[in-house]
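Reading the structure
Spelled out from the first residue to the last, the chains are:
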Amino acid sequence: MTSMTAARNTSPADHPRIGLRERKKIKTREAIRSATYELIREQGYDATTIDQIAERAEVSPSTVFRYFPTKEDIVLTDEYDPLLSADLRARTADEPWPQAVRHVLREAVRTGVAKDPEAARLRTRLMVQVPAVRSRMRESMSVTGRTLCQAIAERTGRDPGDLEVRVFAMSLIGGLMEASLYWAENGHRDDFATLVDRALDVLEHGLPQRKP
């Protein structure tokens, strides 16, 4: 969905390429994540416990841990990684692959922020303020990078383990993370999708010359 209004009313669970079993899992993860965000807003990150999250989400603590190994994972993990690969594979074969990657990443970012702007701001603010969240973010984004490697390799006819594919995919991931941090560090005053575009421009064209 590219419409900002439509995005607010949708969930990754509504994606047509997601099966029923996975949709149910997504709904459970979303309930746990929503409960976590509510508690963090009310009492702060450090004061929020897994038991409190489980009670608010109406699941058991073991269910929380089954879906999220750590509290940091609840804050950071979203449902868009599988959709990135699916949407990239769905782009037409004759579309230049850098353009396909840009379109898919930009739409994922725009939809994710539009669906819940407050949650997106909270998540990135915690990335800046809580070292454990920032550290876990770097780990989780490396997993996203490997997912992108596979999808990019399919688009380009390369092996996903090729150095060039890995460097490009992880450069994308690094650019997305730095755009996220920049957005939060500057009070979320910029349009996040525009910041991602700027990051992609650097990766595609190199660092611009400093203006005189």
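Above this text sits the structure in question.
Residues numbered from 1 in each chain as written. Predicted model: local features only at pLDDT ≥ 70, side-chain atom pairs only at ≥ 80, totals over all residues. Heavy atoms only, no water.

Residues spaced three or four apart along an α-helix point in a common direction, a consequence of the helix completing one turn every 3.6 residues. The first and last C-alpha atoms of helix H11 (residues 192–205) sit 20 Å apart over 14 residues, in line with the 20 Å expected at 1.5 Å per residue. Of all the positions in H11, only Phe 192, Ala 193, Leu 195, Val 196, Asp 197, Ala 199 and Leu 200 are classed as buried. At its buried positions, H11 is contacted by helix H7 (97–115) and helix H10 (163–185). (Helix = DSSP H or I, 4+ residues; strand = E, 2+ residues; numbered from the N terminus. Expected span 1.5 Å × (residues − 1). Buried < 20%, exposed > 50% of the residue type's maximum accessible area, 1.4 Å probe, protein only. Contact = heavy atoms within 4.5 Å.)

So, about the side chain of Thr 36. With respect to the helices, strands and loops of the structure, Thr 36 is situated in helix H2 (residues 20–43). The class of Thr 36 is buried, set by a relative accessible area of 0%. Thr 36 has contacts with Ile 53, Ile 74 and Val 75, leaving out every residue within four places of it along the chain.

Moving on: helix H3 (residues 50–57). Three or more residues of H3 are buried, namely Ile 50, Ile 53, Ala 54 and Ala 57. Seen end-on, H3 carries its buried residues on one side only, within an arc spanning 100°. Opposite the packed face of H3, turned more than 90 degrees from it, sit the exposed residues Asp 51 and Glu 55. In this fold, the buried residues of H3 make contact with H2, helix H4 (61–67) and helix H5 (71–76). Glu 58 lies just past H3 and shows a positive phi near 60°. (Arc of directions from axis to C-beta.)

The description of two aromatic rings rests on the distance between their centres and on the angle between their planes. What the rule picks out here adds up to 1 aromatic pair. Both rings, one in Trp 183 and one in Phe 192, keep their centres 4.7 Å apart while their planes meet at 20°; by these two values the pair is stacked. The buried category is assigned to Trp 183, whose relative accessible area is 4%. Look at Phe 192 and you get buried, because its relative accessible area is 10%. (Phe/Tyr/Trp six-rings, centres within 6.5 Å; stacked < 30°, edge-to-face > 60°.)

What follows covers the packing of H10 against H11. Here H10 crosses H11 at 140°, and the two axes come no closer than 9 Å. Our classification of the angle between H10 and H11 gives oblique. Remark: the crossing between H10 and H11 carries right-handed chirality. On the side of H10, the interface is formed by Ser 171, Leu 172, Gly 175, Leu 176, Ala 179, Ser 180, Tyr 182 and Trp 183, while H11 contributes Phe 192, Leu 195, Val 196, Arg 198, Ala 199, Leu 200 and Leu 203. Broken down by class, the residue content of the contact of H10 with H11 amounts to 11 nonpolar, 3 polar and 1 charged. (Axes fitted to C-alpha atoms, helices over the stretch in contact; angles between N-to-C directions. Parallel < 35°, antiparallel > 145°, perpendicular 65-115°, else oblique. Left-handed = near helix turned anticlockwise from the far one by under 90°. Nonpolar A, V, L, I, M, F, W, Y, C, P; charged D, E, K, R; others polar.)

Look at Glu 58: it is not a glycine, yet its phi comes out positive at around 60°. Counting through the fold element by element, Glu 58 comes out in the loop between H3 and H4.

Ranked by internal contacts, the top residues of the largest apolar core, which has 39 residues, are Val 75, Leu 126, Val 133, Ile 152 and Phe 192. Mapped by element, the contributors of at least two residues to this core are H2, H5, helix H6 (81–90), H7, helix H8 (117–129), helix H9 (131–156), H10 and H11. Looking at which element gives the most residues to this core, the answer is H10, with 9 residues. Not counting the four nearest positions on each side in its chain, Val 133 is found in contact with Tyr 45, Glu 72, Val 75, Leu 76, Leu 126 and Met 127. Within the second largest apolar cluster, 10 residues are counted, among which are Ile 32, Ala 57, Val 64 and Phe 68. (Core = buried A, V, L, I, M, F, W, Y, C linked by side-chain atoms within 4.5 Å.)

Turning to the environment of Val 143, a few remarks are in order. The residue Val 143 is located in helix H9 in this model. Along the sequence, Val 143 and Met 170 sit 27 residues apart, while their C-alpha atoms lie 9.8 Å from each other.

Just distances and angles here, no functional claims.
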